[in-house]
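These are the residues of each chain, in order.
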Amino acid sequence: MEERPRANGEISGEYPSCEIFMRDEDVMEAMREIPGYLDITPSDFQEVYKHACRHAIKRMMHAVKARDIMTRQVLAVAPDLPAAEVARAMASKGISGVPVVDERKDVLGVISEKDFFRLMGATEFPNFMAVVARCLTEKGCVAFPLREKKAKDIMSCPAITVGEETPAVEIARAFKQRKINRVPVLDKDGHLVGIVSRADILKLPFLGG
């Protein structure tokens, strides 16, 4: 069975069963892509199916909007919240990123684990093990510089955001191109109404989620 591309650009798993959402237009579009005369054999059919499935997934990725897959109960933090409280809130919810918002729910920036890692000196490899390695080779606590900082001091800004009507395919493209794992979702007035993560994209049923 052919492997299929995932929304984040990685290859994983098999093509999902496309019968439930494939249309004749997908099959015709696939047949137009295959050069030469088609003498339908099992292998020809599999080739048509592979192309048609890709077109169907592409169409569905355009049809699904941010509002359809976003998490509506979003943990957000105020810009003056101490960094320790931000870390505690993220740890308690088991999440790796939070938007920073003002009193009007306007998104000022986003804080991710990478922002903490960066400020703890893990610049070449911004991950947990890089912080552990630094702790084991240097004296003192590498988190000490964060103790006096607040959310506004460590957030990445401006935040990359999407609207409620942004297609899933555009969100997936942003994840890949910007090397991020989540985007805040804004309403037509620019206020935070949800968040979409990479996991939300991969949970889509037509991607095998």
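This text goes with the structure placed above it.
A few points on the structure.

**A word on unusual backbone geometry**
And step 1. At the junction of C157 and P158, the peptide bond is cis and its omega measures out at -5° in the coordinates.
And step 2. By the secondary structure assignment, P158 is in the loop between helix 7 (151-154) and strand 5 (162-163).
And step 3. A positive phi angle is found at K105, which is not glycine, with a value near 70°.
And step 4. For K105, the position within the fold is in the loop between strand 3 (97-101) and strand 4 (107-112).
And step 5. With phi around 55°, K179 is a residue other than glycine that occupies positive phi space.
And step 6. With respect to the helices, strands and loops of the structure, K179 is situated in the loop between helix 8 (168-178) and strand 6 (182-186).
And step 7. Looking at K179, the relative accessible area reads 64%, which means it is exposed.

**Focus on the pairing of strand 4**
And step 1. With five of six residues buried, strand 4 lies mostly within the body of the structure.
And step 2. Where strand 3 and strand 4 come together, five bridges link them in antiparallel fashion. Bridge pairing in strand 4 links V101 to V107.
And step 3. Hairpin remark: strand 3 followed by strand 4, antiparallel, with five residues in the connecting loop; positive phi at K105, about 70°.

**As for the environment of E47**
And step 1. With respect to the helices and strands, E47 occurs in helix 2 (residues 42-63).
And step 2. Sequence-wise, E47 and M31 are 16 residues apart; in three dimensions their C-alpha atoms are separated by 9.1 Å.

**Here's the deal with the sheet that holds strand 5**
And step 1. With mixed pairing, three strands are arranged side by side in an open sheet as 5-6-7. What marks the edges here is a single partner per strand, and that holds for strand 5 and strand 7 (192-197).
And step 2. Bridge count for strand 5 against strand 6 is two bridges, and the pairing is parallel. Within strand 6, the residue paired with V162 across the bridge is V185.

**Focus on the pattern of salt bridges**
And step 1. With the rule as written, the count across this model stands at nine salt bridges.
And step 2. Taking the shortest distance from any N to any O, the salt bridge between D115 and R118 comes out at 3.1 Å. Taken together, the residues span about one helical turn, with D115 and R118 both in helix 5 (residues 113-119) at a distance of three residues.
And step 3. With a relative accessible area of 4%, D115 lands in the buried category.
And step 4. Note on R118: relative accessible area 38%, which makes it partly exposed.
And step 5. Residue D189 is joined to K188 by a salt bridge in which the shortest nitrogen-to-oxygen separation is 3.7 Å.
And step 6. Residue D189 is classed as exposed on the basis of its relative accessible area, which comes to 51%.
And step 7. Of the residues examined, K188 reaches a relative accessible area of 78% and is grouped as exposed.
And step 8. Salt bridges here are not isolated pairs; linked through shared partners, they connect R67, D68 and E165.

**Considerations on the nonpolar core**
And step 1. Counting 21 residues, the largest nonpolar core has M61, I171, V196, I201 and L204 as the members making the most contacts within it.
And step 2. Of all elements in the fold, only helix 2, helix 3 (66-69), helix 8 and strand 6 reach the threshold of two or more residues within this core.
And step 3. Ranked by the residues each element gives to this core, the list is headed by helix 8, at five residues.
And step 4. Among residues more than four places away in sequence, those in contact with I171 are A66, V162, T166, V183, V196 and I201.
And step 5. Grouped together as the second largest cluster of nonpolar side chains are 18 residues, F117, A122, A130 and M155 included.

Basis of the calculations
- Residues numbered from 1 in each chain as written.
- Predicted model: local features only at pLDDT ≥ 70, side-chain atom pairs only at ≥ 80, totals over all residues.
- Heavy atoms only, no water.
- Helix = DSSP H or I, 4+ residues; strand = E, 2+ residues; numbered from the N terminus.
- Buried < 20%, exposed > 50% of the residue type's maximum accessible area, 1.4 Å probe, protein only.
- Pairing = 2+ DSSP bridges.
- Salt bridge = Lys/Arg side-chain N within 4 Å of Asp/Glu carboxyl O.
- Core = buried A, V, L, I, M, F, W, Y, C linked by side-chain atoms within 4.5 Å.
- Contact = heavy atoms within 4.5 Å.

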